[in-house]
Amino acid sequence: MADPGQGMRVGLFATCVNDLMFPETARAATQLLRRLGCEVVFPPGQTCCGQMMTNTGYFKAALGAVKAYANAFEGCDVVVAPSGSCVASVRHQHAMLARGGGSAKLVDRVETAAAKTYDITEFLVDRLGVTDVGAFFPHRVTYHPSCHSARLARLGERPYQLLRAVRGLELLDLPDAEQCCGFGGTFSVKNPDVSVALAADKAANVVATGAEYVVAPDNACLMNIGGVLTRGRAAVKPIHLVEILAQTEEDHR
Amino acid sequence: MSAIAPPFPEAARKQLANPQLRANLRRATSTIKAKRALRQAEMADWEELRAAAAAIKDRMISQMDVYLEQAEAALTRAGAQVHWARDADEANSVVTALVQATGATEVVKVKSMLTQEIGLNDALRRAGIAPFETDLAELIVQLGHDTPSHILVPAIHRNRAEVREIFLAEMGLVGRPAPPDLSSDPNDLAAAARAHLREKFLRAKVGISGGNFLIAETGTLVVVESEGNGRMCLTLPETLISVVGIEKVLPTFQDLEVFMQLLPRSSTGERMNPYTSMWSGVTPGDGPSNVHVVLVAGGRLKALAEPAARPMLRCIRCSACMNTCPVYQKVGGHAYGSVYPGPIGIVLTPQFRGLDTPLDRSLPFACTLCAACADVCPVKIPLPDLIVRQRHKVAVAKTADLRPHLEVLAMAGAGWLFRRGWRLALAGWALSVVGRLRGARGAIGPLPWPMSRWTRARDLPAPPRQSFRAWWRRGSR
Ligand code: SF4
């Protein structure tokens, strides 16, 4: 395969959840982007999209993360994150937060940063023009589209296109796929009973597919679905989409 | 109700524990949700219609005063009497006085959200006037001494067997009893309701309605319904009192073409609803001769006062947002402690009532922000954004409280942590120490409070041995 990313310098936005709890996802994103020829940089000033504070209503507390984001990626042409949810927050919330708490200059800067921010599936399909990334994953999987990735970032068909091109992979339809898994950030602890009831439905639908893995473009949802799956001793394993895309035949040899 | 009602999470837990309710809700919401999606899919210009509806409503909202005065003039010209009410109390006393002036001691009612919102039935009862709901589902709710749990299908929480029991026990106490051999077959239930209601329609001197739309240029009121019971109330009595929210005004008659395509499809999943009644004032010899319209401001002024909150006034009460809401689907309407449940409810209720009670403060958080509602709303209300805005108001209120809230401290801490990359590096290091001490990765089971809110029914992944940042610093390979 040619190197569609040749000459591209990509700022990786790991996101706080991946940085702290799921480093394997951010590592997979790095490896995948490098394999496609991109130069990957990780500006260490980055922190988080601020969504947890924003969506709990603490706009002022979120502003620090918003500024850190604009500062950290100032020198990058494109920013890529393995999370449709964080990307959606950058695009839809940062300007609102900057307007509420900062100067017009800050609004400008966060809008510039937001305009060059992509979820990794968008970057691969739209910017690099690839759906076959040379991945190999000989397993039965089912895909949970994740609410923010599907309805806010509007990833659409991209994740499915990428998955269908993975060699050895069998993609099984998830019943009620677009239904929320019940995570909802702080909702999961403010309304734990409803959250768990929704996660249980999702987990049951996942198990019913007979898949070995449940795949999603966001680790927060996977943490929720996976939490119910392991508590119920189900054998299905959660895995982030980029971790599948990063694996090649060599890894399986 | 709000002063003693429990906050949403508690009320929700109670509803979740009711398997009958959950089964009824699942059946009802999934059927109606699928029908709506089907009706949307067959409309090639659905997105254009939504955009048009939003634009018409926004035009109305930005010049509401102009259109309301136009409506008042047109209504008056057509022989209707217009009354203005600043709030619920004023509206209730205007309506009560109007009924008393006719000498009637009972009224028949068309299903109306606004009269529920202002508590008109209670006000009438206090004045010795018996209000009879005539919408089948509202009748079930009223006979069952219950409160509505859905704005369109108020008895969505009841199934056929329950309805049969209510009819058998209660109908006879307020009018024509149900036949003693009543079965729970829907046709039988409907026949019993029809016989019970018919007696009321033929006797009633006063009808009370709401209104889905009020056309400013012609003074035309529009009621959209499915059963025809509304039509009976609108045409048979001598006196008709319509209680209408000020945001129901539409500039022109032609605007209706947009809303009549969107509303039935969004609410019941029908291409067209069976009965649409329109009337402009009085037509001699045809229908009510004494026509009143009470225009109610209520909490709507509070929404108008805040530009960012105004889109909530576009709502046409179709209920698509609640049918598609995962939280509503699980717990139903009662947990919200308001006549408006679901996504639009958790936006409207705190706007109208304020954020003084634990319940009202908990409402904006009764949502996973999954955004499914925003995709189905026919007037394109950005519900998730409005919900986040209500949360912001709660956060501001909590921050200003004299009593310290754990959440305020936690969020300030998170804000501090996420301001600088090195702070996150430190947090990553601390987590990796835990990760290394635990050895293998894998799931963490039940933990004490406050982690128990997560771990009571689901595991937590163990932290990794190395954060991503640390891996990157060590050469990223
Ligand atoms: S908010 Fe939108 S979807 Fe919900 S009831 Fe109102 S118009 Fe319908």
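Reading the values: rules and limits
Residues numbered from 1 in each chain as written. Chains lettered and ligands numbered in written order. Predicted model: local features only at pLDDT ≥ 70, side-chain atom pairs only at ≥ 80, totals over all residues. Heavy atoms only, no water. Pairing = 2+ DSSP bridges. Helix = DSSP H or I, 4+ residues; strand = E, 2+ residues; numbered from the N terminus. Contact = heavy atoms within 4.5 Å. Buried area = accessible area lost by both parts, 1.4 Å probe. Salt bridge = Lys/Arg side-chain N within 4 Å of Asp/Glu carboxyl O. Polar contact = N/O pair within 3.5 Å; in protein donor to acceptor, adjacent residues only side chain to side chain. Nonpolar A, V, L, I, M, F, W, Y, C, P; charged D, E, K, R; others polar. Buried < 20%, exposed > 50% of the residue type's maximum accessible area, 1.4 Å probe, protein only. Core = buried A, V, L, I, M, F, W, Y, C linked by side-chain atoms within 4.5 Å. Phe/Tyr/Trp six-rings, centres within 6.5 Å; stacked < 30°, edge-to-face > 60°. Domains from an automatic or database assignment. Expected span 1.5 Å × (residues − 1). Arc of directions from axis to C-beta.

Residue and element names in this part refer to chain A. As defined by bridge partners, strand E5 (residues 140–143) adjoins strand E6 (residues 170–172) across 3 bridges and the pair is classed as parallel. Paired with Thr 142 across the strands is Leu 172, a residue of E6. Summarising the sheet, E5 and strand E7 (residues 213–216) pair through 3 bridges and their orientation is parallel. Its bridge partner being in E7, Val 141 is matched across the sheet by Tyr 213.

The partner chain A presents 65 residues to the 63 residues of chain B that form the contact. Carbon and sulfur atoms make up 62% of the surface buried where chain B meets chain A, a total of about 5400 Å² over both sides. Joining chain B to chain A, the criterion identifies 6 salt bridges. Residue Lys 190 of chain A pairs with Glu 407 of chain B through a salt bridge whose shortest N-O separation is 2.5 Å. Taken together, the links from chain B to chain A amount to 27 residue pairs in polar contact (both at pLDDT 80 or more). Broken down by element, the residue count for the side of chain B that touches chain A peaks at 6 residues, all from helix H19 (residues 383–400) of chain B. For the side of chain B that touches chain A, the class distribution of residues is 35 nonpolar, 12 polar and 16 charged.

Our next topic: the pattern of salt bridges. Summed over the entire model, instances satisfying the criterion amount to 34 salt bridges over all chains. With its nearest N and O atoms 3.6 Å apart, the salt bridge here joins Glu 39 of chain A to Arg 9 of chain A. Linking Glu 39 of chain A in strand E2 (residues 39–41) with Arg 9 of chain A in strand E1 (residues 9–12), this pair joins segments that are 30 residues apart in sequence. Its relative accessible area of 37% is what places Arg 9 of chain A among the partly exposed residues. Each of Glu 117, Glu 247, Arg 300 and Arg 317 of chain B takes part in one network of salt bridges that share partners.

Attention shifts here to the nonpolar core. One broad trend across soluble globular proteins is that nonpolar side chains are buried collectively. Counting residues in hydrophobic clusters, the biggest one holds 159 residues, and the most contacted among them are Met 53 of chain A together with Phe 8, Phe 167, Phe 213, Phe 259, Val 331 and Tyr 336 of chain B. Filtering out sequence-adjacent residues up to four positions away, Val 331 of chain B remains in contact with Val 194 of chain A together with Phe 8, Ala 12, Gln 15, Leu 16, Leu 21, Leu 25 and Tyr 336 of chain B. Residues Val 10, Leu 12, Ala 26 and Tyr 143 of chain A belong to the second largest nonpolar core, which totals 42 residues.

Once that is clear, we can look at the packing of aromatic side chains. As enumerated under the stated definition, the model contains 15 aromatic pairs over all chains in all. A centroid spacing of 6.0 Å and a plane angle of 70° characterise the contact between Phe 183 of chain A and Trp 454 of chain B, whose relative ring orientation is edge-to-face. Here Phe 183 of chain A is found in the loop between E6 and helix H11 (187–190), whereas its partner Trp 454 of chain B is found in helix H22 (residues 452–455) on a different chain. Put simply, the rings of Phe 42 of chain A together with Phe 468, Trp 471 and Trp 472 of chain B touch in pairs and so form one group of aromatic residues.

Another aspect to go through is unusual backbone geometry. Here Trp 449 of chain B and Pro 450 of chain B are connected by a cis peptide whose omega angle stands at 0°. Tracing the chain through its elements places Pro 450 of chain B in the loop between strand E11 (443–444) and H22. The phi dihedral of Ser 146 of chain A falls on the positive side, at around 65°, and the residue is not glycine. Counting through the fold element by element, Ser 146 of chain A comes out in the loop between E5 and helix H9 (147–152). You will see that Leu 369 of chain B, though not glycine, has its phi angle at about 60°, which is positive. On the secondary structure map, Leu 369 of chain B appears in the loop between helix H17 (358–362) and helix H18 (372–376). Judged by relative accessible area, Leu 369 of chain B falls into the buried class, the value being 6%.

Attention shifts here to the domain arrangement of chain B. Annotation of chain B at the domain level lists domain 1 (1–42 + 314–403), domain 2 (43–300) and domain 3 (406–475). Relative placement of domain 2 of chain B and domain 3 of chain B: their C-alpha centres are 54 Å apart.

Residues and elements named next belong to chain B. Compared with the 24 Å implied by 1.5 Å per residue over 17 residues, the 24 Å span of helix H3 (residues 46–62) between its first and last C-alpha is a close match. Within the span of H3, buried status applies to Trp 46, Leu 49, Arg 50, Ala 53, Ala 54, Ile 56, Lys 57, Met 60 and Ile 61. Each buried residue of H3 lies within a common arc of 165° when the element is viewed along its axis, so the set occupies one face. Of the exposed residues in H3, those oriented more than 90 degrees away from the buried face are Glu 48 and Ser 62.

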